[in-house]
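# A look at the structure
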Amino acid sequence: MGDVAITVPLIQGFLKQHPNIKVTVVSKPFLKPLFKDIENLSFFSVKTKGRHRGFIGLFRLFLDLKKRNPTHFADLHNVLRSKIVRLYFSLLTNVSIAKIDKGRKEKKALTRKKNKVFKPLKTSIERYATVFNELGFKINLNSIKSLEKKALDNETISLVGKKKSIWIGIAPFAAFNSKTYPLDLMKQVVASLSQNNFKVLLFGGKSDVEILTTIESENKNVLSVAGKLNGLKNELDLISNLDLMLSMDSANAHLAAMYNVTTITIWGNTHPYAGFAPFNQPESHQIVPNMKKYPLLPCSIYGNKVFEGYEDVMRNIEPSTIINKIKIILKNKSTI
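Rules behind the numbers
- Residues numbered from 1 in each chain as written.
- Predicted model: local features only at pLDDT ≥ 70, side-chain atom pairs only at ≥ 80, totals over all residues.
- Heavy atoms only, no water.
- Axes fitted to C-alpha atoms, helices over the stretch in contact; angles between N-to-C directions.
- Helix = DSSP H or I, 4+ residues; strand = E, 2+ residues; numbered from the N terminus.
- Parallel < 35°, antiparallel > 145°, perpendicular 65-115°, else oblique.
- Left-handed = near helix turned anticlockwise from the far one by under 90°.
- Contact = heavy atoms within 4.5 Å.
- Nonpolar A, V, L, I, M, F, W, Y, C, P; charged D, E, K, R; others polar.
- Patch = residues over 30% accessible without salt bridge, like charges linked within 9 Å, V, L, I, M, F, W, Y side chains within 5 Å.
- Areas by Shrake-Rupley, 256 points an atom, 1.4 Å probe, with all protein chains shown as cover.
- Salt bridge = Lys/Arg side-chain N within 4 Å of Asp/Glu carboxyl O.
- Buried < 20%, exposed > 50% of the residue type's maximum accessible area, 1.4 Å probe, protein only.

### Brief notes about the packing of helix α2 (residues 54-66) against helix α3 (residues 80-92)
With their axes 9 Å apart at the nearest point, α2 and α3 run at an angle of 55 degrees to one another. Taken together, α2 and α3 sit at an angle that is classed as oblique. By crossing handedness, the relation of α2 to α3 is classed as right-handed. Contacts between α2 and α3 pair Phe 55, Leu 58, Phe 59, Leu 61, Phe 62, Leu 65 and Lys 66 from the former with Arg 81, Ile 84, Val 85, Tyr 88, Phe 89 and Leu 92 from the latter. A class-by-class count of the residues in the contact of α2 with α3 yields eleven nonpolar, no polar and two charged.

This is the structure we're talking about:
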């Protein structure tokens with residue numbers, strides 16, 4: 001979901017810079033709300049467990065998309081499914097085609113133990129923009145803007161209440177433990193923030209509901225919205241109304257950033273230099289472990305690999321570091 005969220009402000013900006021172009025986004029149905037309200041954009045839902053399942057299904061997907069008479073095919077994912085559909089377009093049509101270069105060679109150099117090349121790589125949004133450039137559509141990244149804040153529906157308001165204070169969202173989990181801030185330390189962060197008259201909203205998936213509900217019960221001014229919102233659309237609308245989001249290197253950071261919500265990210269065995277820092281957020285909002293103490297970071301791009309002795313690098317980040325950064329940022333925002 002994070003990768004797809006990064007494309008949203010880029011595609012919106014692309015369409016504003018090229019108002020005569022129409023775009024069809026092809027992805028899984030649950031991601032459709034990410035692209036709502038973008039002019040000249042339609043969404044095609046891929047049924048990976050139905051009509052578009054398997055190789056035959058992917059040929060059906062090609063035929064379904066071909067009916068739309070596309071002139072260009074931008075593969076922003078470059079995985080097995082998109083490669084197969086791309087191949088069909090290449091062999092059976094005259095559609096112009098371009099694919100993303102994921103920079104695997106330089107990412108390998110960034111994450112290896114020996115002869116590590118520690119330097120910032122292209123951001124994901126830059127890699128996506130290059131695909132459009134190769135198709136002949138120039139994109140001015142400096143003019144790309146975030147999405148606008150959304151109004152909350154009555155159901156969401158009844159859950160979280162009307163906004164009368166600063167709202168801080170916290171998404172404390174990630175796909176891998178190596179990039180998840182230790183829960184005992186995160187509880188300290190939540191407890192401290194809740195005592196400052198901030199409203200803390202906890203975000204997570206279905207598997208996180210029990211833990212987040214417990215944290216809610218242990219603190220005032222804290223509400224877990226995990227499993228309580230009516231679909232992704234309502235979750236996105238709520239995120240757009242936050243004053244600040246605290247997240248791991250995970251999808252929630254990108255969802256918040258695409259709405260220009262101040263986003264602080266905590267990094268463990270991954271690192272912002274791989275290009276996955278949230279859109280339009282300053283480097284100062286990215287909290288990483290002490291690189292002098294852990295010079296082999298990052299261990300991996302996605303958090304699925306950990307070097308020996310690097311299992312607990314996130315414990316190097318004190319809760320006070322996170323709390324103080326949040327307070328300073330919110331104080332500065334209030335004076336603007």
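### Details of a nonpolar patch on the surface
A grouping of Phe 59, Leu 63, Leu 87, Leu 91 and Leu 92 is seen on the molecular surface, where their side chains present a nonpolar patch of about 460 Å² in accessible area. In terms of residues, the nonpolar patch owes the most to one element, α3, which gives three residues. Take Leu 92: it is sitting in helix α3.

### Things to note about the side chain of Thr 48
Tracing the sequence through the fold places Thr 48 in the loop between β2 (41-45) and α2. The class of Thr 48 is buried, set by a relative accessible area of 19%. If we ignore the near neighbours within four places in the chain, the residues touching Thr 48 are Lys 28, Arg 53 and Arg 81.

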